[in-house]
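Geometric and topological summary
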Amino acid sequence: HHIRAISPTMHGATAADVVLAPPGAENGYGDKQKNVEISSLVTLQSCVRRKIYKERLHCANLVERLNLEHEFVTGMLKLLNQAMVFSLLLIALGFANDGPATRGIYNYLSSNFDLQQVATIQSRDDFVQALQSISSQSRQHFVLSSQYFDTQSLGNVQMLGSLRSFTAPAVLSNVQLSIQAPEIAFTTWMQVSPDFTNGYVFRKRLVTAGAGSDQSCWGWYFDRYTGPQLRYGMHDTFPIDIWNINNRLQQLEIKLPKPQPMKVNEYFLMTMIVTQKVVMFYRNTELLGTIPIPRPLTDCYNTEGILVGQANMELGQLRFYPKSLTQSDIAEIFQYGMRLSDLSTGSQASDVSESETLVTKQEILGSISQVESLVGERQHQQDISLLSQTLNSVPSPAVPSYASPPYPVGVTETNCYKNGTLTLTLDKLINRSYYSLISEPARLSKTSASDARYLKHVPSFEGTGMTLTFWYRHIPCFTDNCGVYVFQAGQFPPPSVSSATSSSVNGSGTNTSFNAWCWSLWIENQAFWVDGSPNGGYIHFADHGIDPKFGFSGDKYWRHVAYQLDEKTNKARFFIDGKFAVERDWGKGIAETDCGGPYKEISIGHAAPGYTYGAPIELFDLRMYVHKVSGALTADDIWRESIQFAPQLGEDHCVNISSPDMQDYGVWEDSYGHDCSWYYQAKQTNPSVCSSPEAMKNCPNSCASKQECFKDFNVAAPRFVWDRTRLIPAQSSNGTICLGSSYSKASVVDECRKWASSASYKTRPFPASWAASMSLDGTAPRRGRRVNVTVCDELEAAIDEYCGFDMKPVEEFTKSVVEAGGDFTISFWVRPVGTNSFLGDTGRFFPHINFFSSFSPPQENLLFGLWANANGEARINSACYNKGNRDSYWN
């Protein structure tokens, strides 16, 4: 109905009737009806005049009326101003062609004002209720430009208001900040007491107790002597990280290059700004430093909230900004308490409102959480102590049972020197001949200078190169790092010759006529060291991306090592467990490296002359392949040689990670009820718990009780499609499709329609099982959200033009995959955002995620989802493979 007239009741005046006319009846009134209406208005005016005359308008009524008019005009001006600002913003975004930003504004307004409710209005009462709701929301929340781009619709958030002293971290469980903006900032007023040493202003952690609870997904940390830090990224190494599987959990700690000690008992405005490339710290308005960060800040999920404060710390006006702050912004906050732009609009950061009941509840829950955490940690430590006492009560053997027979001290002939001749041995497996220097397992105990060990009559590789291969067992190591000179090749004349020659040369007692450092090899836990070349020195495994678990640790496991000096490329190469590990330019011609002349020997297990840098080690099957005799060994030759596990080694050699001997026995528990996962967590702080024979046997992976064989790999830089958390809303009832930046919705749909009209499409070569699974009705309708991309209308409806990604890293990744022979790894995190994320009526979160190379036809794809297997499947489909009835093929 059209509302023809409304006359509200005001100050006792009588209301006239409201005339409602049906649609189209506006021109159906005659003069008689008009006269009736005029007469009604005249009667109303007379009534009002009589009312005013009889009762008079009091001063209070007049003031009330003027105030009402003033508020009405002010409100209209504010609405007009807001509409103008919003319109100008939309125009600017239109010129900038920033689709995601426009989409963000629409989503923000739609969600906050519930604009979808307006579309459901069916009656006058619904309309009045909707207006009341919008009006109420408008009064509570004045829309700021800073909030348009915040996916959480929170804008600037004030986590703490007035100053608050802390005796321990407090849990703000009602604060669920999500770091999704590309640039963020935090500000707070802060004072620390003289007893303060270090701690967090705030941090978000992944777990509340146990391993990793002391680290942060992201947090603002302060050290009294060095100043502020950004600590983040522990969720990237939890629960294990492939490069640090045996190390403790790690987080990135971004510090100032120059320490900035904190001043006690003084208030300062502290600011931290984080972009995708740097973090900046301010104290008041002074920039303390700008530090690059190795990777962008990403977010994690927890149900706890955020921990705020630390003992001996006082904080106030702790605020979050989903944007970067300029130095002028910080100066305004420092002087006025907020930015002038906020002051001019009368807006401020959204407070985290807490009722007294809620605060009490949070304090109780926070205390309970702390008590549970402490009790859990205490119980964990008691379990470890009890197990340690049990292990300590079992005596350990004084001498390891796996020790090899001792090798003779002093000078020993090489195994290949017989009857005054160097003899070759043929390795039939690789059809190459070698010189056998040591043939049996030999333990080299620590000696003195007088009986240090040397090998005599070592073959020469002068004018060529050589490959030295051997089985090696490291030294008993009770410190963080242990090393030993395994070999040193040189000329070691007797003292009479040495002293006579040295005195005739320079009188210093130094033997300059003989070269004691032709070449050498030092092995320590995580590095090699070589002498004899201009580029000699350390070759650290970490510099070449080798996981520490593949280093040399302890004297239990035999490792196969190959040391190759390639005269053709003048490179020194190292192989571990038969796989290439590292290489280095020698710096000169390797053909000139070996020693010539008399008194040539190799010291083993120490440096010479005399005895230095030695320690107990074991060697077995020490071979020298001289390249001019046997040719240079290839990587395949070394691999084949390394897998010939000799009976003398027993079972004390490395095991491939895929071997059943490396897998934990899943159902095993010790006498205290601890399974392998408990041992894995416990060994992070108490490695001795894994010394139990039962744990080592049943949990070889968790306890690292077996040595994993080194595997060759290339440290490839990761490429990101999305490098932070991204919300993908449902574009259609069946799902959402995100396109690469090289494609448009129109071009993809057009390609689909052309393909759909082609002969290949009309033959419908789709498997019957797939067609049935994609049906929207029938006995087994489509489960969950799955887009039938062969139906162009459905494809078009599912494409979200604002959900895109950069194709450049994808193209670079594809190129690298082809060059690497086809191997690749794709990894991502995914989580539900409510019950709408569940799969159909299963009540389970079962993400169905597809990666398409093309849509028309959509045959090249990688799929994760639910088909025949109730626990889900991963499928890869290509035109290279034959179609089958159970293949998803198209989707």
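The residue count restarts for each chain, going from 1 along the sequence in the order it is written. Where totals are concerned, whole chains, interfaces and linings use all residues; where local detail is concerned, this predicted model gives features only for residues with pLDDT of at least 70, and gives and counts side-chain atom pairs only at 80 or more. Values shown for side chains rest on all heavy atoms present in the structure; no hydrogens or waters enter the calculation.

In this description a helix means any DSSP run of H or I spanning at least four residues, a strand means any run of E spanning at least two, and both kinds are numbered starting from the N terminus. A count of helices and strands for the protein chain gives 18 helices and 38 strands. Exposed residues in this analysis have more than 50% of their type's maximum accessible area, buried residues have under 20%, and partly exposed residues fall in between, with area computed by a 1.4 Å probe over protein chains only. Split into buried and exposed, the 891 residues of the protein chain put 41% on the buried side. Here, two residues are considered to be in contact whenever any of their heavy atoms come within 4.5 Å of each other. A fraction of 70% describes how many contacts in the protein chain between residues 6 or more apart in sequence connect residues 24 or more apart. When the accessible surface of the protein chain is totalled, it reaches about 48300 Å², and 55% of it is carbon and sulfur. Values of accessible area rely on a 1.4 Å probe in the Shrake-Rupley scheme; residue burial ignores everything except the protein chains shown.

Quick look at the environment of D637 now. Inspection of the secondary structure puts D637 in helix α11 (residues 635–642). By relative accessible area, D637 is classed as buried at 7%. Taking the C-alpha atoms as reference points, D637 and N431, 206 residues apart in sequence, are found 9.2 Å from one another. Residues within four places of D637 in sequence aside, it is in contact with I430 and R432.

With that settled, consider unusual backbone geometry. Of note, the bond from A608 into P609 is cis; its omega dihedral lies within 30 degrees of zero at 0°. With respect to the secondary-structure elements, P609 resides in the loop between β32 (600–604) and β33 (617–626). Between S856 and the following residue, P857, the backbone shows a cis peptide bond with an omega angle of 0°. Along the chain, the position of P857 falls in the loop between β36 (849–852) and β37 (861–865). Here the phi dihedral of N570 falls at roughly 55°; this positive angle occurs in a residue that is not glycine. Mapping N570 onto the fold places it in the loop between β29 (558–566) and β30 (571–576).

Grouped burial of nonpolar side chains is what soluble globular proteins tend to show. With 52 residues, the main nonpolar core has Y472, F487, W519, F528 and Y563 as its most contacted residues. Residue contributions to this core peak at 5 residues, all from β33. Contact partners of F528, with chain neighbours within four places excluded, come to L521, W522, I523, G537, Y538, I539, F541, F552, F574, I576 and V582. Note on terminology: a nonpolar core comprises buried Ala, Val, Leu, Ile, Met, Phe, Trp, Tyr and Cys residues joined through side-chain atoms within 4.5 Å. Membership of the second largest hydrophobic core comes to 42 residues, among which are W220, V274, L318 and F320.

Within the element layout of this structure, H606 appears in the loop between β32 and β33. Note on H606: relative accessible area 1%, which makes it buried. Within the local environment of H606, its side chain forms a polar contact with the backbone oxygen of R453, the two atoms lying 2.8 Å apart. Apart from the residues within four sequence positions on either side, H606 is in contact with A452, R453, Y454, Y485, Q488, Y611, T612, Y613 and G614. For the purposes of these results, a polar contact is taken to be a pair of N or O atoms within 3.5 Å, where, inside protein, one atom must be able to donate a hydrogen and its partner to accept one; residues adjacent in sequence count only when each atom of the pair is a side-chain atom.

Every residue gets a pLDDT, meaning the predictor's confidence in that residue, from 0 to 100. Summing up the model confidence of the protein chain, the mean pLDDT is 76 and the portion of residues at 70 or higher is 70%. Residue range residues 239–248 is modelled with pLDDT below 50. Its contacts to residues more than four positions away, or to other chains, number 22 contacts. Every residue in residues 502–510 is under pLDDT 50, and counting partners more than four places away or in other chains gives 8 contacts.

As a further point, take the packing of aromatic side chains. Two rings from Phe, Tyr or Trp (for Trp, the six-membered ring) form a pair when their centres sit within 6.5 Å of each other. Planes less than 30 degrees apart are called stacked, planes more than 60 degrees apart edge-to-face, and all others tilted. Summed over all chains, the structure comprises 35 aromatic pairs. Seen from their ring centres, F575 and F580 are 5.7 Å apart, and the 70° between their planes marks the pair as edge-to-face. Judged by its relative accessible area of 4%, F575 is buried. Owing to a relative accessible area of 34%, F580 belongs among the partly exposed residues under this scheme. A connected cluster of aromatic rings, assembled from ring pairs, spans F461, F470, Y472, F487, W519, F528, F541, F552, Y563 and F574. Directly above the ring of F268 sits R283, whose terminal nitrogen or CZ lies 5.8 Å from the centroid. Whether a charge sits over a ring depends on NZ of Lys or CZ of Arg being within 6 Å of the ring centre and within 35 degrees of the ring normal.

Residues are called lining when one of their atoms sits within 4 Å of a cavity or pocket point, these points coming from a 1 Å grid over the protein atoms alone, where a cavity is a set in which a 1.4 Å probe fits but cannot get out and a pocket is an open set with protein on both sides within 12 Å along at least five of seven lines. Grid points are joined across faces, edges and corners, and a volume is the space filled by probe spheres set on the points. In the structure shown here, the tally under the stated rule is 7 cavities of 30 Å³ or more. A volume near 100 Å³ is recorded for the largest cavity. Taken together, 15 residues line the largest cavity, and the ones lying closest to its centre are M262, K263, F268, M270 and R283. Counting only elements with at least two residues in the lining of the largest cavity, the list comes to β6 (184–192), β9 (227–232) and β11 (268–274). Per-element tally for the lining of the largest cavity: the top contributor is β6, with 3 residues.

What follows deals with the environment of G212. In this structure, G212 sits in the loop between β7 (198–204) and β8 (218–223). Overall, G212 belongs to the buried group, its relative accessible area being 6%. In this structure the C-alpha to C-alpha distance between G212 and H235, which are 23 residues apart in sequence, comes to 8.8 Å.

Let us now look at the sheet that holds strand β25 (residues 483–491). DSSP bridges decide pairing: two strands pair if at least two such bridges lie between them. In space, the 7 strands of this open sheet follow the order β17-β23-β32-β25-β26-β27-β28, with mixed pairing throughout. In this open sheet, the two strands that pair with only one neighbour each are β17 (411–413) and β28 (537–540). The sheet shows a mean angle of 20° between the axes of neighbouring strands, direction not considered. Summarising the sheet, β17 and strand β23 (residues 454–456) pair through 3 bridges and their orientation is parallel. Across the sheet, V411 pairs through a bridge with Y454, a residue of β23. Axes here refer to lines fitted to C-alpha atoms; in helices the fit is confined to the stretch in contact. Angles between the N-to-C directions go from 0 to 180 degrees.

Take N698: it is sitting in helix α13 (residues 693–698). A polar side-chain atom of N698 sits 2.8 Å from the main-chain carbonyl oxygen of E694.

Turning our attention to the pattern of salt bridges. For this document, the term salt bridge refers to a Lys or Arg side-chain nitrogen within 4 Å of an Asp or Glu carboxyl oxygen. Tallied over the entire structure, the rule returns 19 salt bridges. Between D299 and K204 there is a salt bridge, and its shortest N-O distance comes to 3.2 Å. Within this pair, whereas D299 is found in the loop between β13 (286–292) and β14 (306–308), its partner K204 is found in strand β7, the two being separated by 95 residues in sequence. Residue D555 pairs with R443 through a salt bridge whose shortest N-O separation is 3.7 Å. On the criterion of sequence distance, the pair formed by D555 in the loop between β28 and β29 and R443 in strand β22 (residues 442–444) is long-range, its members being 112 residues apart. Here the two residues D555 and R443 agree in accessibility, since each one is buried.

Let's shift gears to α11. Those residues of α11 that sit buried are D637, I638, E641 and S642. Each buried residue of α11 lies within a common arc of 130° when the element is viewed along its axis, so the set occupies one face. Buried residues belonging to α11 abut β20 (425–427), β21 (432–438), β24 (466–473), β29, β30 and β33. Think of the arc as the fan of directions from the helix axis to the C-beta atoms.

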